[in-house]
Every structure is written in structure tokens, then in C-alpha cells.
Amino acid sequence: IVTCAIWLRHFRRNSQAPPSMRRIYYQRVSWFAPVLGVTALASLFSPRVFPVAKFLQTQFEAISLASFGSILFLLLAADVTEGGSSKDNRSVATLIMKALNKDGPKPHFAVPPFGCCFKKCMPVHYLKPSQVLLSRTFVKQYMITA
């Protein structure tokens, strides 16, 4: 009940913001907590609804994950275009890649849960646009298969 009350307060506050893609993605992410809470509660009272509840939880998890990735790209795009000058005619994608690579080459794939074990073997490189798009494709693939 507390989860739904907090969600309702956030949802109302977010609905007052001007219409934008960021607002849509925020609303998609915000639906995850109440759906998870309500379906878990429904499973406690009626175990027969568990398969449907698990299905809904997985679907909302996938939608939230994809929306969260989109929010990160929107915030990154807003951040890199905010500091740019009017004479800068580079594309937003170029500015995003420059921002992602500003700390120099790194072993980008040496991350948990398994990649951190191979950190010494991972090559140090600049992040490429194709790798960013590939990661986005993997998230969409998870969203479809979940």
C-alpha cells in the first residue's frame, strides 16, 4: 500500500511536467514498482495467479530496463548539448561519443558479473558507436524475449 501511495504521488508530479520523451520514459519506469507490489501481493493471496503475475513482472522489468536506457541517453544528450557553443555544428551522436570517451581508453567490457574476472585479459580501447548500438540491441532483445 505504501509503495502504491508513493508511486501515485510521483506519477501525479510527473504528469504535471510538460509533455516530452523524458516524461514518457519516466512514467514507464515508474510503473515497475506498483506492478511488482500488486502482483506479489496477489500471488500471496492466491497462488494460482503466480504464472500470470510472474509474466507481468518480467514484462514490466524489461520495459523498465529499456526505458531506463533511453533515459540515460536522453540525459547524456541533454548534458552534452547544454555545454556546446552555437558555433559547434557536430551531431549529438558525436558529442555523446566524445563525452563517453573523455576519460581515455578503458577495458569497457570488464564489468560484473563475469567480465571483471578477466579484467587483465580485456583490451583497453575507446568505446565505438557500434558497441553502444550493440548494447542497445541487447537490451531490446531481452525486452522481446522476456
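Cut-offs used in this document
Residues numbered from 1 in each chain as written. Predicted model: local features only at pLDDT ≥ 70, side-chain atom pairs only at ≥ 80, totals over all residues. Heavy atoms only, no water. Salt bridge = Lys/Arg side-chain N within 4 Å of Asp/Glu carboxyl O. Buried < 20%, exposed > 50% of the residue type's maximum accessible area, 1.4 Å probe, protein only. 1 Å grid on protein atoms, 1.4 Å probe; cavity = no way out; pocket = protein on both sides within 12 Å on 5 of 7 lines; lining within 4 Å. Points joined across faces, edges and corners; volume = space filled by probe spheres on them. Helix = DSSP H or I, 4+ residues; strand = E, 2+ residues; numbered from the N terminus. Axes fitted to C-alpha atoms, helices over the stretch in contact; angles between N-to-C directions. Parallel < 35°, antiparallel > 145°, perpendicular 65-115°, else oblique. Left-handed = near helix turned anticlockwise from the far one by under 90°. Contact = heavy atoms within 4.5 Å. Nonpolar A, V, L, I, M, F, W, Y, C, P; charged D, E, K, R; others polar. pLDDT = per-residue confidence, 0-100.

### A short note on the pattern of salt bridges
Piece 1. The final tally for this structure, using the stated rule, is 1 salt bridge.
Piece 2. For Asp-103, the salt bridge identified is with Lys-106, shortest N-O distance 3.6 Å.
Piece 3. With a relative accessible area of 57%, Asp-103 lands in the exposed category.
Piece 4. Residue Lys-106 is classed as partly exposed on the basis of its relative accessible area, which comes to 37%.

### Brief notes about the layout of surface pockets
Piece 1. When its volume is computed, the largest pocket comes out at roughly 500 Å³.
Piece 2. Lining the largest pocket are 18 residues, with Phe-73, Gln-131, Val-132, Ser-135 and Arg-136 positioned closest to its centre.
Piece 3. Counting residues per element, the lining of the largest pocket draws most heavily on helix H6 (residues 129-145), which supplies 7 residues.

### Topic: the packing of helix H2 (residues 21-30) against helix H4 (residues 50-82)
Piece 1. Where H2 contacts H4, the axes come no closer than 9 Å and their chain directions differ by 150°. The orientation of H2 relative to H4 falls into the category roughly antiparallel. In this structure, H2 meets H4 at a crossing whose hand is left-handed. Facing Met-21, Arg-22, Tyr-25, Tyr-26, Arg-28 and Val-29 of H2, the residues of H4 in contact are Ile-63, Ser-64, Ser-67, Phe-68, Ser-70, Ile-71, Leu-74, Leu-75 and Ala-78.
Piece 2. Along the lines of polarity and charge, the residues of the contact of H2 with H4 split into 10 nonpolar, 3 polar and 2 charged.

### As for the packing of H4 against helix H5 (residues 92-100)
Piece 1. Running from N to C, H4 and H5 point in directions that differ by 95°, and their axes come no closer than 9 Å. Taken as axis vectors, H4 and H5 run roughly perpendicular relative to one another. Contacts between H4 and H5 involve Phe-73, Leu-76, Ala-77, Val-80 and Thr-81 on the former and, on the latter, Val-92, Leu-95, Ile-96, Ala-99 and Leu-100.
Piece 2. Here the contact of H4 with H5 is composed, by residue class, of 9 nonpolar, 1 polar and no charged.

### Focus on the confidence of the model for the chain
Piece 1. This prediction gives the chain a mean pLDDT of 83; 95% of its residues lie at or above 70.
Piece 2. Taking the mean pLDDT of every element in the chain, the minimum, 82, falls on H6 and the maximum, 90, on helix H3 (residues 32-45).

### A look at the environment of Ser-70
Piece 1. Along the chain, the position of Ser-70 falls in helix H4.
Piece 2. Measuring from C-alpha to C-alpha, the distance between Ser-70 and Gln-16 comes to 21 Å, with 54 residues separating the pair along the chain.
Piece 3. Ignoring any residue separated from it by four or fewer positions in sequence, one finds Ser-70 in contact with Tyr-25 and Arg-136.

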